[in-house]
Amino acid sequence: MKKYKYLVVNGCSFTQGGLMYDDEDKQQLLFEKNRFSKKLSDRLNFEEINIAGGGRSNDRIFRELFNWVEENGEKVKDSLFVVGLSNSLRKDLYSNHLKRYINSSEIYQDIEKIANRVNASVKEVKLWRNFELKYMIDEDEIEKKLIRDCVLLDSYIRSFDGDIIFFN
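Here we summarise the structure given alongside this text. Keep in mind that this is a model prediction, so the values were computed, not measured.

Conventions we followed
Residues numbered from 1 in each chain as written. Predicted model: local features only at pLDDT ≥ 70, side-chain atom pairs only at ≥ 80, totals over all residues. Heavy atoms only, no water. Helix = DSSP H or I, 4+ residues; strand = E, 2+ residues; numbered from the N terminus. Buried < 20%, exposed > 50% of the residue type's maximum accessible area, 1.4 Å probe, protein only. Areas by Shrake-Rupley, 256 points an atom, 1.4 Å probe, with all protein chains shown as cover. Contact = heavy atoms within 4.5 Å. Axes fitted to C-alpha atoms, helices over the stretch in contact; angles between N-to-C directions. Left-handed = near helix turned anticlockwise from the far one by under 90°. Salt bridge = Lys/Arg side-chain N within 4 Å of Asp/Glu carboxyl O. Phe/Tyr/Trp six-rings, centres within 6.5 Å; stacked < 30°, edge-to-face > 60°. Pairing = 2+ DSSP bridges.

## Here we look at the overall build of the protein chain
What the protein chain contains, in helices and strands, is 8 helices and 6 strands. From first element to last, N terminus to C terminus, the protein chain shows the α and β order β-α-α-α-β-α-α-β-β-β-α-α-α-β. Every one of the 168 residues in the protein chain was classed for burial, and the buried ones make up 38%. Summed over all atoms, the accessible surface of the protein chain reaches about 10,700 Å², with 51% contributed by carbon and sulfur.

## Focus on the side chain of T15
Positionally, T15 belongs in helix α1 (residues 13-16). Dropping the residues within four chain positions of it, T15 is found in contact with V9, N10, F36, S37, N50, A52, G84 and F167.

## Topic: the packing of helix α6 (residues 111-118) against helix α7 (residues 122-135)
For the pair α6 and α7, interaxial distance at closest approach is 9 Å and the crossing angle is 115 degrees. Once α6 is placed against α7, the crossing between them reads as right-handed. Facing α6, whose interface residues are I111, E112, I114 and A115, α7 presents V122, V125, K126, W128 and R129.

## So, the pattern of salt bridges
When charged atoms on two side chains of opposite charge get close, those side chains can pair. In the structure shown here, the tally under the stated rule is 14 salt bridges. Across the salt bridge formed by E64 and R56, the nearest N and O atoms sit 2.9 Å from each other. What makes E64 partly exposed here is its relative accessible area of 22%. Residue classification places R56 among the buried residues on the basis of a relative accessible area of 16%. Across the pair K91 and E132 runs a salt bridge, and its minimum N-O distance is 1.9 Å. Residue K91 is found in strand β4 (residues 90-95), and its partner E132 is found in helix α7; the two are separated by 41 residues along the sequence. Connected through shared salt-bridge partners, K2, D154, R158 and D163 make up one network.

## So, the packing of aromatic side chains
According to the stated counting rule, one finds 8 aromatic pairs in the structure shown. Judged by centre distance (5.2 Å) and plane angle (40 degrees), the rings of F131 and Y135 are tilted. A residue pair is termed a helical-turn pair when its members lie 3 or 4 positions apart in one helix, as F131 and Y135 do in helix α7 at 4 residues. On the accessibility criterion, F131 (43% relative accessible area) is partly exposed. Given the relative accessible area of 53%, Y135 is considered exposed. With 5.3 Å between their ring centres and 80 degrees between their planes, Y156 and F160 make a pair best called edge-to-face.

## Quick notes on the sheet that holds strand β3 (residues 79-84)
If you trace the 4 strands from one edge of the open sheet to the other, you get β2-β1-β3-β6, paired in parallel fashion. The open sheet is flanked by β2 (47-50) and β6 (163-167), the only strands paired with a single partner. Taking each pair of neighbouring strands and ignoring which way they run, the sheet shows an average axis angle of 20 degrees. Here 4 bridges tie strand β1 (residues 6-10) to β2, and the two strands are oriented parallel to one another. The residue of β2 that forms the bridge with V9 is N50. Each of β1, β2, β3 and β6 touches helix α4 (residues 58-71); the most contacted strand, β3, lies at about 165 degrees to it.

Listed below in structure tokens is the structure:
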């Protein structure tokens, strides 16, 4: 088996550690100590690098991993990447108002919250959301894109002689 130094992990809250909406210091320490990536890295004697976060879309997970590889190219050959795929309906949208990405989910996201974040009316967001749900969402195409993204990320990491595991 190849020797690794680093376990690089990314995904949504389940990969981050599983506790959501809890920022008490003691519980945060327990959360970090008991997450699967910490237990796995300790067991394998790898340095844990967990860049996961709550509410992440697969688009964000992939974008952050590509960025991490660009910024840490010297570590990739010594890294095992573990990617926890997120809900396929979550996605990142670039907000021209905020000049950054925001997370959007057809199922879970509060329309009022999106309207406030992007400085739009609730009516505008509802119109956009209804149009998007009716005309722009096809689960088969979303799955095909996810598979293509996994293949591309795998190829990219392998070009640096790294290895990757995806799970859902």
